[in-house]
Amino acid sequence: MTHRQVLEALSGLLLGLFVAVLSSTVVANALPHILTDLHGGQTAYTWVVTAALLSLTAATPIWGKLSDLVSRKLLVQIALVIYIVSSALAGLSQNTGQLIACRVLQGIGAGGVTALAQICLAAMVPPRERGRYSGYFGAVFALATIGGPLIGGVVVDTSWLGWRWCFYLGIPFSLIAIVVLQRTLRLPVVRRKAKIDYLGATLITASVSLLMIWISLAGDSYPWLSWQTLAMVGGGFALAVLFVLAERRAAEPIIPLDLFRHRTVTLSAIASVLIGVGMYGATTFLSQYFQLARRESPTMAGLLTLPMILGLAVSSTVAGRLITRYGRWKAYLVAGTGMLAVGFALLGTVRDDTPYAMLAVAMAITGIGLGLTMQNLVLAVQNTVPRHELGTASSTVTFFRTMGGAMGVSALGALLSHQVTRHLTDSLAAAHLPTGAVGGGIPDLRTLPAPVVPLVTDAFGHGVATVFLLAAPLALLAFLVVLLIREVPLRTTQDDAPAERPRELARD
């Protein structure tokens, strides 16, 4: 395919990717208002985000397996239809339970689009040329990340629209993407009977879900050291063991264990889990920081995160072109994870009155780190595995990244809730104010008594800083993991991947 033909084929994929990313970012700055209207608390705030991430996590390997068996174009279009239906239902939600259920459906659709976009690119372009197009993916990711909070903020701040339009706005983009894909995407179709590992998908979803429920409820509904903790943690690990046993016996495993014979795949999966925690945590809790610690409007909260998003967009685009030119990728992963650790450490020092210049530097460093890391981990794996395993391998990396994000947001959200409650309780007691002065749920600063507002902003400033301070060592661990990945120069053809070590060519 010529460069123009590839761009035409990618146009619908990129538009679909924009919609998928927009589904999670458009609610970032709107969530405080949404949950105030639906009377939800910090736990609901966390679950509106993690419900979509969890279903995305569970659905990603299924989409990846299907892409190795049936038409990839049809699968992308089906994923977009699921997104359209779920978005319409989310906009009609009357309580937090309905909204969370609709977010589960959104995650299934978004997971399909996100995974299949990478898989289709891998099917069209050899690894050596893939870097420049991966840069486009990074730029679209950044555009959706920057546009989502801004769009969501404007929608919430516009009285004649309201927060429900945060979900409706993605529908026309999805419809356009379906039409564009029908006209431009041409991929060979593998025709053979699909054998989907439903048992494996159920077990891994149940395992992650049980651990997430434990994280979000421990410390509030029951003590961390309790029989509930023992039951949930033990049950989660038992389900994980059953998942591994099921995968060893499955005819078409959802995550083939043989993939992990490749050192690059194993290390990339570990790094993806660690990076997912920070990536989703940064986008989720920064909006709370700007609105509840710095008293900004949803629109301004989106604008103030521009340094992070611009850093992500520029770094991913530039790195993609350099990788295509020179065929080397490991240096960007090492630099990216290192900068991510530094960025999180700096964000861990913020307070409600931190100068914005310092915040901008920390966010820019974080964004550059994410831009150098996310797409290039997928590229490294795609360059390692045989062509017939591209779909499964690509979706496996995405699976581990979103699993880390889902569990990370749940854990960090529980930590944030605990820290805010502790700081606020201490501050109210020191000021001789009743502990019920704030009320339940996400606080609305406009309705609180004047003496209470600075106490709330201070509590959220401390709480969000603690979240990033905890994410920093995880990013540092990802840096150490990436150092162990063995770099293999990018292939210039679509032939099967060579082994990572010459003596293992026959086995791999």
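The chain appears in an unreviewed UniProt entry as Major facilitator superfamily (MFS) profile domain-containing protein from Kitasatospora sp. CMC57. Per its UniProt entry, the chain bears the Sequence similarities (unreviewed entry) comment "Belongs to the major facilitator superfamily. TCR/Tet family." A UniProt comment under Subcellular location (unreviewed entry) is attached to the chain, and it reads "Cell membrane".

Asker: What should I look at first to understand the nonpolar core in this one?
Answerer: In summary, soluble globular proteins display a tendency toward joint burial of nonpolar side chains. Grouped together as the largest cluster of nonpolar side chains are 138 residues, with contacts concentrated most on Leu10 and Leu13. For this core, the element with the highest residue contribution is helix 17 (residues 453-483), accounting for 15 residues. Excluding residues that lie within four positions of it along the chain, Leu10 makes contacts with Leu121, Met124, Tyr133 and Phe137. Grouped together as the second largest cluster of nonpolar side chains are seven residues, Leu259, Val381, Ala393 and Val397 included.

Asker: Help me understand the pattern of salt bridges, please; the structure alone is not making it clear to me.
Answerer: Between side chains of opposite charge, a pair can form when the charged atoms approach closely. Applying the stated criterion across every chain, the model contains one salt bridge. Across the pair Arg328 and Glu487 runs a salt bridge, and its minimum N-O distance is 3.6 Å. Of this pair, Arg328 sits in the loop between helix 13 (306-326) and helix 14 (330-347) while Glu487 sits in the segment after helix 17, and the two are 159 residues apart along the sequence. For Arg328, a relative accessible area of 43% translates into the label partly exposed. A relative accessible area of 24% places Glu487 in the partly exposed class.

Asker: What should I look at first to understand a nonpolar patch on the surface in this one?
Answerer: On the surface, a cluster of nonpolar side chains totalling about 410 Å² of accessible area is made up of Val81, Val85, Leu89, Leu92 and Leu105. The element that contributes the greatest number of residues to the nonpolar patch is helix 4 (residues 72-91), accounting for three residues. Tracing the backbone through its elements, the reader meets Leu92 in the loop between helix 4 and helix 5 (96-124).

Asker: So what exactly am I meant to see when it comes to the packing of aromatic side chains here?
Answerer: Pairs of aromatic rings are described using the distance from one ring centre to the other and the angle between the two planes. All told, the structure shown has six aromatic pairs when counted by the stated rule. Measuring from centroid to centroid gives 6.1 Å for Phe260 and Phe400, while their planes differ by 85 degrees, and the two rings are edge-to-face. With Phe260 in the loop between helix 10 (227-249) and helix 11 (263-293) and Phe400 in helix 16 (residues 390-430), the pair connects residues that are 140 residues apart, well separated along the chain.

Reading the values: rules and limits
Residues numbered from 1 in each chain as written. Predicted model: local features only at pLDDT ≥ 70, side-chain atom pairs only at ≥ 80, totals over all residues. Heavy atoms only, no water. UniProt positions renumbered as here; feature names shortened; annotations may be inferred. Core = buried A, V, L, I, M, F, W, Y, C linked by side-chain atoms within 4.5 Å. Buried < 20%, exposed > 50% of the residue type's maximum accessible area, 1.4 Å probe, protein only. Helix = DSSP H or I, 4+ residues; strand = E, 2+ residues; numbered from the N terminus. Contact = heavy atoms within 4.5 Å. Salt bridge = Lys/Arg side-chain N within 4 Å of Asp/Glu carboxyl O. Patch = residues over 30% accessible without salt bridge, like charges linked within 9 Å, V, L, I, M, F, W, Y side chains within 5 Å. Areas by Shrake-Rupley, 256 points an atom, 1.4 Å probe, with all protein chains shown as cover. Phe/Tyr/Trp six-rings, centres within 6.5 Å; stacked < 30°, edge-to-face > 60°.

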